[in-house]
Amino acid sequence: MIKNATLTLLLSLGILAASAQDVIVKKDGKTVEGKVTEVGIDRITYKISNSESSANFVILKSEVSRIEFDNGQTVFISDKLDRGRRRGPSPQEKPVSPQDSEPLGGNMINISPFKALDSGPGFGVSYEVLLDKKGYFGLLLPLTITIPGTYSYMDVSDTNGSFMFYVSPGLKIYPFGQRKVTYAVGPSLFFGRGERWDNSGTYDPTTGTYINGGRSNTMTRMGLIVNNYVNFQVTPKFQIGLNGGLGSRFVDREAYSSRISYTRGLQITGEFNFSLGFRF
């Protein structure tokens, strides 16, 4: 009787030991029972039988939430922690950069505390929108205010109170797409309109003196500039921009009292700009 009971107990313990298995819990809630033989970089190897000659099965770690071992230990699988232990990315993986964690927005507002045209220094603001999902083309809409320098047109002796407004819609082409340091090139058609107050002197032959006077002149400019742009993406939201370009003016005139006092032909023009931008 005692011998039979002992034999039955040993047989039961053997069956329990043989049936003890690890449990692999997948992220979708399903479970896989087997004996885990290896936890690799990107996969888990297990057997469905304790026999050494049994077949090996493989499951990707990206599909697994945790492993419950038969000894009571539970190991949670974290892709981020596992990726941090690697010395380098696997051939199938792309290195994770700060910009990959937060996509760059397709809209940009730039403020230019300093902008220089051939008509003088000034400041401006611009809005840009990317036209395609990959970010190879953008539409730029800038507004600029400049303070022209002193001129000496005809009988003009001094100027003050001058200003000009410029609008210059343009196309930006990004040959390398959107990156942390981004290069672009493209044409801009500009139109400028402003006023200039002239203090002039008129000679009076009767008295032999100069009579001081003044007039408000209207200035008009139009032309085409090809700009080169470089953007430094400091954060996914904040950027610093520089651009410079050359082009030509095909309209450059100044008029007063319905008279055109000075007209130029085709002239070389240029632009330089420093900007701070917000991206969304």
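In this text, all values refer to a predicted model and were calculated from it rather than measured experimentally.

Rules behind the numbers
- Residues numbered from 1 in each chain as written.
- Predicted model: local features only at pLDDT ≥ 70, side-chain atom pairs only at ≥ 80, totals over all residues.
- Heavy atoms only, no water.
- 1 Å grid on protein atoms, 1.4 Å probe; cavity = no way out; pocket = protein on both sides within 12 Å on 5 of 7 lines; lining within 4 Å.
- Points joined across faces, edges and corners; volume = space filled by probe spheres on them.
- Helix = DSSP H or I, 4+ residues; strand = E, 2+ residues; numbered from the N terminus.
- Nonpolar A, V, L, I, M, F, W, Y, C, P; charged D, E, K, R; others polar.
- Core = buried A, V, L, I, M, F, W, Y, C linked by side-chain atoms within 4.5 Å.
- Buried < 20%, exposed > 50% of the residue type's maximum accessible area, 1.4 Å probe, protein only.
- Contact = heavy atoms within 4.5 Å.
- Pairing = 2+ DSSP bridges.
- Axes fitted to C-alpha atoms, helices over the stretch in contact; angles between N-to-C directions.
- Salt bridge = Lys/Arg side-chain N within 4 Å of Asp/Glu carboxyl O.

## Regarding empty space enclosed by the protein
- In this structure the tally under the stated criterion is three cavities of 30 Å³ or more.
- Estimates place the volume of the largest cavity at around 200 Å³.
- Lining the largest cavity are 24 residues, with Ser 126, Leu 140, Tyr 229, Asn 243 and Asn 273 sitting closest to its centre.
- For the lining of the largest cavity, the secondary-structure elements that each account for two or more residues are strand E7 (107-117), strand E8 (120-130), strand E9 (137-146), strand E13 (209-233), strand E14 (238-256) and strand E16 (267-279).
- Along the lines of polarity and charge, the residues of the lining of the largest cavity split into seven nonpolar, 14 polar and three charged.

## Brief notes about the nonpolar core
- Counting residues in hydrophobic clusters, the biggest one holds nine residues: Ile 24, Val 32, Val 36, Ile 44, Tyr 46, Ile 59, Val 64, Ile 67 and Ile 77.
- The set of elements that each furnish at least two residues to this core consists of strand E2 (31-39), strand E3 (43-47) and strand E5 (64-68).
- In contact with Tyr 46, not counting residues within four places along its chain, are Ile 24, Val 32, Gly 34, Lys 35, Val 36, Thr 37, Ala 55, Asn 56, Phe 57, Val 58 and Ile 59.

## With respect to the sheet that holds E2
- One open sheet accounts for six strands, arranged E4-E3-E2-E1-E5-E6; its pairing is antiparallel. Because the sheet does not close on itself, it has two edges, and the strands there are strand E4 (56-60) and strand E6 (74-76). Averaged over all pairs of adjacent strands, the angle between their axes in this sheet comes to 40°, without regard to strand direction.
- Where E3 lies against E4, five bridges are found, and the strand directions are antiparallel. Its bridge partner being in E4, Thr 45 is matched across the sheet by Val 58.

## Regarding the pattern of salt bridges
- What the rule picks out here adds up to seven salt bridges.
- A salt bridge links Arg 43 to Asp 42; the nearest nitrogen and oxygen atoms lie 3.4 Å apart.
- Classification of Asp 42 by relative accessible area gives partly exposed; the value is 33%.
- One continuous salt-bridge network, built from bridges that share partners, spans Arg 221, Arg 249 and Asp 252.

Function cannot be inferred from these measures alone, as they are strictly geometric.
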